Amino acid sequence: MTDLPSTLVVKNLCKKIGRKEIIKNLSFELKEGEVFGFLGPNGSGKTTTVRMLVGLIKPTSGEVHIYGHHLQKDFIKAIDNIGCIVENPELYPYLTGWENLQQFARMVPGIKKARLKEVVDLVGLQNRIHDTVKTYSLGMRQRLGIAQALLGKPKVLILDEPTNGLDPGGIREMREFIRTLAERDKISILVSSHLLSEIQLMCDRVAIISKGQIIKIDSVEHLLAAQERVWWTLDPVAEGKQIISKTMTIFSEKEGVIVTNYDEKNIASVNETLVRKGVRVHGIEVKLPTLEDLFIELTGGETID
Amino acid sequence: MINLVHNEMIKLVRKKRLYVIIAIIAVLVFLFTYAQMKQVESMQERLGTMDWRTELQQEITNTQNRLNSSGISDEWRGYLQIQVSQQQYYLEQDINPSAPGAPTFMRVFIENSIDLVLPLLVVVVVADLVSSESSVGTIKMLLTRPVKRWRILFSKLLTMILSVSFIVLSLGFLSYAISGAVFGYSGWNLPILTGFAIEGEELVTTNVRLIEQWQYILMELGLTWFVGITVGAITLMLSVIMRSTAAVMGVMLAALISGAILSNMVSSWESAKYFFMVNLRVTNYISGMGAPIDGMSLGFSLSVLAIWGLAALVIAFITFTRKDVY
C-alpha cells in the first residue's frame, strides 16, 4: 500500500473556536484506491474534520492537499477532485432526483447528460429518478447523494457516516458499493463512522479519533488482532484461572468469566488441560472489543465522553 | 454565472413562491377595486351627482372646517393646509385628481403599496434565498462544488434583482388589467401635476408642471423598483446571516411596520430620517405630499436607501465568503 501515490494529505490540521481547541494537530494521508476509516464517537471531531477537508470550515492552522493542490489557496482545483456527502445528503426536496443532479451538473463545467445517466445507473435509481425527492426513502436519498458525489468523476470520495439511517440490507449494499469503487475505479475513500463493525468490514486502514486528536492510525487487521479477546466461562473459576494464566494473559475476570488475549494456537490446548483437570468449560468465545473497550484500552481509561 | 442563475430560477419557480406573489397581488387588487367601486357608488348616492368638482369642493370645505376647529396639532394643521392648497390648484386648473380609469387606479395603487405591500412581497421571495439552503443543509452541496463562494452569492443577488423586477412589473400589470375591467382602460394621457416642493409649511408651486399620466407612472415604477431592490438587498443580508427563514421574515416585518408607524410620528426626532424604513415612501415627493421629517427630499431618501442597500450587500458578501458552515 505504501508505494501507491497519496491523494489526500492532511498536515497538522487545527481548529479553534473561541479558545476551545476542537481539532488538535491532525495529520494523515490517503493512498490511491484505499478505503480509510475515520473512527470516533459522536462529538469527537469527525464531522468538523470532514468539513475542513471539503472547505466548508476554514482550519485555524494546518494544510489540506488534494492531488498536490492546496485546498485553502487553490480551492477550485483542489475541490474539483473531491466528491462528498457531509452528514446526510441534503437535496432539494421539491425537485426530482434528476433535476437535483442537473443542478449540480450545471455547477461543474463539462458534465454531459450521458454522465448523469451513468451515475443514475451506477446507484440503481433508474426507476425513481424522475420522482420528487420528498417521496424518496432515506436509502434512496443516500444513493442519490452518492450519485451527486460521483458526478464529477472525483478521485477522492469523502463520506460522512454513509450508512446512517440505512436498514441492514442498505448498509450491506453501501459497503459493497464502496469497496467496488475503491478496487475497480481506484478512488480513495474516506469513511467516517462511530461504528467499529462498519469500519472493520469496509476499510483498509483506520484512524481512531478522540476529543479532536488522532490516537492511533493502523491497518484494520493489526488493530483488531491486537484487540481481540477470548471469553472463558468456567466453573470453578479460581482453578481455571490458575491453569489459563500459565499460557495466556488475563485481562479481567467477573461473574465466572475470564477474559484473555486471543491466541489462536493455544486455545485448544488450554481447553484440553482445563477439561482434564476437571474444570467445566461452559463457553469459549472470541469477541471483538466494543468501541468503548477499544477506547479505554487506547486512551488508558478515558471513556467516550 | 448564467448556469448558476438558471439553477436559482429553477428553485424559485419550483418552490412556487412567485405564484403566491401573483395570487396575493391579484387578491389585493380585487379588494381595492371593489372598495373603490363601492366608494364611487356611495359618493354618487350622497351627492346625487357624478361631478368631481362638487366632490373636490366638498372635500376642501371639509378640510377647512377642520382647520378652523381648535384642538388639532400644528403639524397636522400644516399638512392639511398643504393639502387644501394642492386641491385648490387642481380645481382652478380644471384637473380631476382622481379621475377613474385603470391607469389612475394603478398609479394610486403603486403609490400606496410602496412602503408596505411591495416590500413584504419582496421579503417573501428573498428571505429564504440563502437561509433555506442553510437550514435544509443544501448549502453544503453548493459550497463543495468547484465554484467560488462569491459567485454563488452573486447568482443569488442577480436572482433577487430579477424577482424584484418581476414583482414590480406584475404589480403594475395586474393592477391595470384587473381594475380596468371595472373602470375602463383609458386614461394614460391624463395630465398629472408634479414638481410640488415643500419649504417649511409652504407649498411651493413655482416648479409645478403637468405631465401625462403614463410618464408619471413610469417614474413611480422606477422609484418602486429602487425601493424593492433596497429592501431585497437588506433581506438578502439577513438571509445570509440567519439560518431561519422565519427569523429573517420576522426582522424585516418588524422593520417595515415600525417604519410605517415611525413616519407618522417622528417629525420631532430628526435623526430618525437615516433609517431606511422611514424613507420608503419616495413617491410622495413627486406627488407633492409632505415628507415625514424636515430635511428629507427625494435625493436624500434615495441616497439613504442606496447606502443601506450597498452596506447590506457588503456585509452579505463578506459574511458569506468567510463563514464556517456547520
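In this report, we go over the structure that sits alongside the text. Since the structure is predicted, the reported quantities are computational estimates derived from the model, not experimental observations.

With that settled, the discussion passes to the overall build of chain B. Looking only at helices and strands, chain B has 13 helices and four strands in total. Per-residue burial for chain B yields a buried fraction of 48% across its 326 residues. Sequence separation of at least 24 residues holds for 75% of the intrachain contacts in chain B that already meet a minimum separation of 6. Summed over all atoms, the accessible surface of chain B reaches about 15000 Å², with 63% contributed by carbon and sulfur.

What follows covers the packing of aromatic side chains. What the rule picks out here adds up to 10 aromatic pairs over all chains. Summarising the aromatic geometry, the rings of Phe28 of chain A and Phe36 of chain A are spaced 5.3 Å apart at their centres and angled 10° between planes, so their arrangement reads as stacked. With relative accessibility at 5%, the residue Phe28 of chain A sits in the buried group. With a centroid separation of 5.3 Å and an interplanar angle of 50°, the aromatic rings of Phe28 of chain A and Phe38 of chain A are classed as tilted. Of this pair, Phe28 of chain A sits in strand β2 (residues 20-31) while Phe38 of chain A sits in strand β3 (residues 35-39), and the two are 10 residues apart along the sequence. We note that Phe28 of chain A, like Phe38 of chain A, is buried. A connected cluster of aromatic rings, assembled from ring pairs, spans Phe32, Phe105, Phe109 and Phe183 of chain B. If you follow Lys155 of chain A out to its NZ or CZ, it ends over the ring of Tyr67 of chain A, 4.9 Å from the centre. Its end group placed over the ring of Phe251 of chain A, Arg229 of chain A keeps NZ or CZ at 3.9 Å from the ring centre.

Residues and elements named next belong to chain A. In space, the six strands of this open sheet follow the order β6-β7-β8-β3-β9-β10, with mixed pairing throughout. The sheet is open, and its two borders are formed by β6 (82-85) and β10 (213-219), each paired with just one other strand. Geometrically, the sheet is characterised by an average inter-axis angle of 15° between neighbouring strands, direction not taken into account. Helix-sheet contacts for helix α1 (residues 46-53) involve β3, β6, β7 (156-160), β8 (188-193) and β9 (205-210), and the interaxial angle to β8 is about 150°.

In this complex, chain A contributes 31 residues to the contact, which on the side of chain B involves 29 residues. On the surface where chain A and chain B come into contact, there are four salt bridges. For Glu90 of chain A, the salt bridge is made with Lys140 of chain B, and the minimal N-O distance between the two is 2.9 Å. Broken down by secondary-structure element, the contributors of at least two residues to the side of chain A that touches chain B are β1 (6-17), α2 (75-79) and α3 (97-106) of chain A. A total of five residues in the side of chain A that touches chain B trace back to one element, the largest contributor, which is α3 of chain A. For the side of chain A that touches chain B, a count of residues per class yields 17 nonpolar, six polar and eight charged.

Residue and element names in this part refer to chain A. A sheet is described by the order of its strands in space; here four strands give the open sequence β12-β13-β11-β14, paired in antiparallel fashion. Two strands close off the open sheet at either side, each with one partner strand: β12 (250-254) and β14 (280-287). Going across the sheet, the axis of each strand differs from the next one's by a mean of 20°, ignoring polarity. Sitting on the sheet, helix α9 (residues 237-244) touches β11 (229-235), β12 and β13 (257-261), and the angle it makes with β11 is about 140°.

Quick look at the nonpolar core now. As a rule of thumb, nonpolar side chains are buried together in soluble globular proteins. All names here are of chain A. If you look at the biggest cluster of nonpolar residues, it comprises 159 residues, and the most contacted ones within it are Leu8, Phe28, Ile158, Ile189 and Leu190. Dropping the residues within four chain positions of it, Phe28 is found in contact with Leu8, Val9, Val10, Phe36, Phe38, Leu53, Leu190, Ile214 and Ile217. Residues Val230, Leu234, Ile243 and Leu274 belong to the second largest nonpolar core, which totals 12 residues.

Residues and elements named next belong to chain A. If you trace the backbone, Arg175 turns up in helix α6 (residues 168-185). No salt bridge is formed by the buried Arg175; its nearest oppositely charged neighbour, Glu176, is found at 6.2 Å. Apart from the residues lying within four places of it in its own chain, the contact partners of Arg175 are Leu201 and Met202.

This paragraph deals with the pattern of salt bridges. As enumerated under the stated definition, the model contains 23 salt bridges over all chains in all. Note that Glu133 of chain B is salt-bridged to Lys11 of chain B, the shortest N-O span being 2.7 Å. Remark: Lys11 of chain B occurs in helix α1 (residues 2-14) and Glu133 of chain B occurs in helix α7 (residues 128-136); sequence separation between them is 122 residues. You'll find Glu133 of chain B and Lys11 of chain B in the same group, each marked buried. For Arg17 of chain B, the salt bridge identified is with Asp128 of chain B, shortest N-O distance 3.3 Å. Separated by 111 residues along the polypeptide, Arg17 of chain B in helix α2 (residues 17-47) and Asp128 of chain B in helix α7 bring together distant segments of the chain. Classification of Asp128 of chain B as buried rests on a relative accessible area of 3%. When salt bridges that share partners are traced, they join Arg51, Glu87 and Glu90 of chain A together with Lys140 of chain B into one network.

What counts as what
Residues numbered from 1 in each chain as written. Chains lettered and ligands numbered in written order. Predicted model: local features only at pLDDT ≥ 70, side-chain atom pairs only at ≥ 80, totals over all residues. Heavy atoms only, no water. Helix = DSSP H or I, 4+ residues; strand = E, 2+ residues; numbered from the N terminus. Buried < 20%, exposed > 50% of the residue type's maximum accessible area, 1.4 Å probe, protein only. Contact = heavy atoms within 4.5 Å. Areas by Shrake-Rupley, 256 points an atom, 1.4 Å probe, with all protein chains shown as cover. Phe/Tyr/Trp six-rings, centres within 6.5 Å; stacked < 30°, edge-to-face > 60°. Lys NZ or Arg CZ within 6 Å of the ring centre and 35° of its normal. Pairing = 2+ DSSP bridges. Axes fitted to C-alpha atoms, helices over the stretch in contact; angles between N-to-C directions. Salt bridge = Lys/Arg side-chain N within 4 Å of Asp/Glu carboxyl O. Nonpolar A, V, L, I, M, F, W, Y, C, P; charged D, E, K, R; others polar. Core = buried A, V, L, I, M, F, W, Y, C linked by side-chain atoms within 4.5 Å. Lys, Arg positive; Asp, Glu negative; His and termini not counted.

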